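Examining the three-dimensional arrangement
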Amino acid sequence: EQERVPWFFAVTLATTYAQVFLWVHGFLRHVPAPETYACLAILAHCLGDSDAHVVAMACKAVSSYDDPKSAELLASKLTHPDFNVRVAALEGLGHRKAASAETIAMMSALARTDPSTSVRYAAGTQVAAIDEDAAQALVEGMLADPTEYVRCGGVEVLAKSKDVAVPIRLAVPNAAEYYYQ
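On a predicted model such as this, the values are computed, not experimentally measured, just so you know.

**Topic: the environment of A71**
As for its placement among the helices and strands, A71 is situated in helix α4 (residues 68-75). Residue A71 is classed as buried on the basis of its relative accessible area of 16%. When residues no more than four places from it in sequence are discounted, the contact partners of A71 are L93 and A98.

**Considering the packing of helix α6 (residues 101-113) against helix α7 (residues 117-130)**
The axes of two packed helices give the description: the angle between them and the distance between them. Where α6 meets α7, the closest approach of the two axes is 7 Å, and the angle between their N-to-C directions is 145°. Here the hand of the crossing between α6 and α7 comes out left-handed. Residues I104, M107, S108, L110, A111 and R112 of α6 pack against V119, R120, A123, G124, Q126, V127 and I130 of α7. For the contact of α6 with α7, the class distribution of residues is eight nonpolar, three polar and two charged.

**Re the nonpolar core**
Residues L47, C59, L78, L90 and V127 are the most contacted members of the largest nonpolar core, which totals 40 residues. Those residues within four positions of L47 in sequence are excluded, and the remaining contacts are V55, A58, C59, V62, L73 and K77.

**Section: the side chain of K77**
Among the structural elements, K77 can be located in the loop between α4 and α5 (83-96). Buried charged residue K77 carries no salt bridge. Nearest counter-charge: D49, at 10 Å. Apart from residues no more than four positions distant in its own chain, K77 is found in contact with L47, V55, C59, V85, R86 and A89.

**Side note on the packing of α7 against helix α10 (residues 148-159)**
For the pair α7 and α10, interaxial distance at closest approach is 9 Å and the crossing angle is 5°. Classed by the angle they form, the pair α7 and α10 counts as roughly parallel. Counting all contacts with α7, which are made through T117, S118, R120, Y121, G124, T125 and A128, the residues of α10 involved are Y149, V150, G153, E156 and V157. Of the residues that constitute the contact of α7 with α10, the class distribution is five nonpolar, five polar and two charged.

**A few points about the pattern of salt bridges**
For the coordinates displayed, the defined rule picks out five salt bridges. One salt bridge connects E72 with K69, and the closest N-O pair in it is separated by 2.9 Å. Pair noted here: E72 and K69 are both in helix α4, with a separation of three residues, about one helical turn. Residue classification places K69 among the buried positions, given a relative accessible area of 15%. D114 is the partner of R86 in a salt bridge, and the nearest nitrogen-oxygen pair spans 3.0 Å. Placement of the pair is R86 in helix α5 and D114 in the loop between α6 and α7, with a sequence separation of 28 residues. Side by side, R86 and D114 carry an identical accessibility label, which is buried.

**Focus: the side chain of S63**
Relative to the helices and strands, S63 resides in the loop between α3 (52-62) and α4. Discounting chain neighbours no more than four positions away, the residues touching S63 are L74, G92, H95 and R96.

**Structural notes on α6**
Side chains of residues three or four places apart in an α-helix project in the same direction, reflecting 3.6 residues per turn. Between its first and last C-alpha, α6 extends 18 Å over 13 residues, near the 18 Å set by a 1.5 Å rise per residue. Residues T103, I104, M107, S108, L110 and A111 constitute the buried set of α6. For α6, the angular spread of the buried residues around the axis is 155°, confining them to a single face. Opposite the buried face of α6, by more than 90 degrees, sit the exposed residues A101, E102, R112 and T113.

What counts and what doesn't
- Residues numbered from 1 in each chain as written.
- Predicted model: local features only at pLDDT ≥ 70, side-chain atom pairs only at ≥ 80, totals over all residues.
- Heavy atoms only, no water.
- Helix = DSSP H or I, 4+ residues; strand = E, 2+ residues; numbered from the N terminus.
- Buried < 20%, exposed > 50% of the residue type's maximum accessible area, 1.4 Å probe, protein only.
- Contact = heavy atoms within 4.5 Å.
- Axes fitted to C-alpha atoms, helices over the stretch in contact; angles between N-to-C directions.
- Left-handed = near helix turned anticlockwise from the far one by under 90°.
- Nonpolar A, V, L, I, M, F, W, Y, C, P; charged D, E, K, R; others polar.
- Core = buried A, V, L, I, M, F, W, Y, C linked by side-chain atoms within 4.5 Å.
- Lys, Arg positive; Asp, Glu negative; His and termini not counted.
- Salt bridge = Lys/Arg side-chain N within 4 Å of Asp/Glu carboxyl O.
- Parallel < 35°, antiparallel > 145°, perpendicular 65-115°, else oblique.
- Expected span 1.5 Å × (residues − 1).
- Arc of directions from axis to C-beta.

Spatial relationships are all this shows, so hold off on functional conclusions.
Okay, here's the thing in C-alpha cells:
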C-alpha cells in the first residue's frame, strides 16, 4: 500500500498541471511562459473574487509577472467598484509600463473624472510613468483639482516633464497657479 502513495501523488500532480494548462489556454487564450501557468491562472481567478482586498492584492501580484497578459488582466480592473482595486491596477500598469492606447485613455479618464481622490492621483502619476505626453495633457486639470493631494500629483507630473520652461514655472511661485494656494 505504501507504494501506491507516490504513484497517486504523481498522477494527481500531472492531472492538476494538465488541467491548469488547459484552463490557461482555454480561459486566458494565450501561451504564457511555462513557469507562470499555475500562478497566472490562480491570480486570474483571484481577480474575480468578491472581496476587494483579495482583488487588490491579486493586482499587485499580477504586476510582478513579465507576461503580456498581465497588462490585460490589470486593465480589466480599472472599472472595479472599489477604489483600492482601481489604485492597485493603476499602480500595476505604471509598474509594467506596458499599456495600450486604449488603456492609457481609460487611465486618463480616471485621472479627470473618478470620484476617488486616490484614483485621480494614481491615474495621473501612473500615466506619467507610461506616456509623458499623455500625462502632460492631464497636468492643468490635476492642478485645478479641488483636493491638495491631486494638485500635488499634478506638480509631480509637471516636474517630470522634459520641457525647459517647467523648472521656471515650478521655481517662481505664481499666486494665480492652483497648486500655489
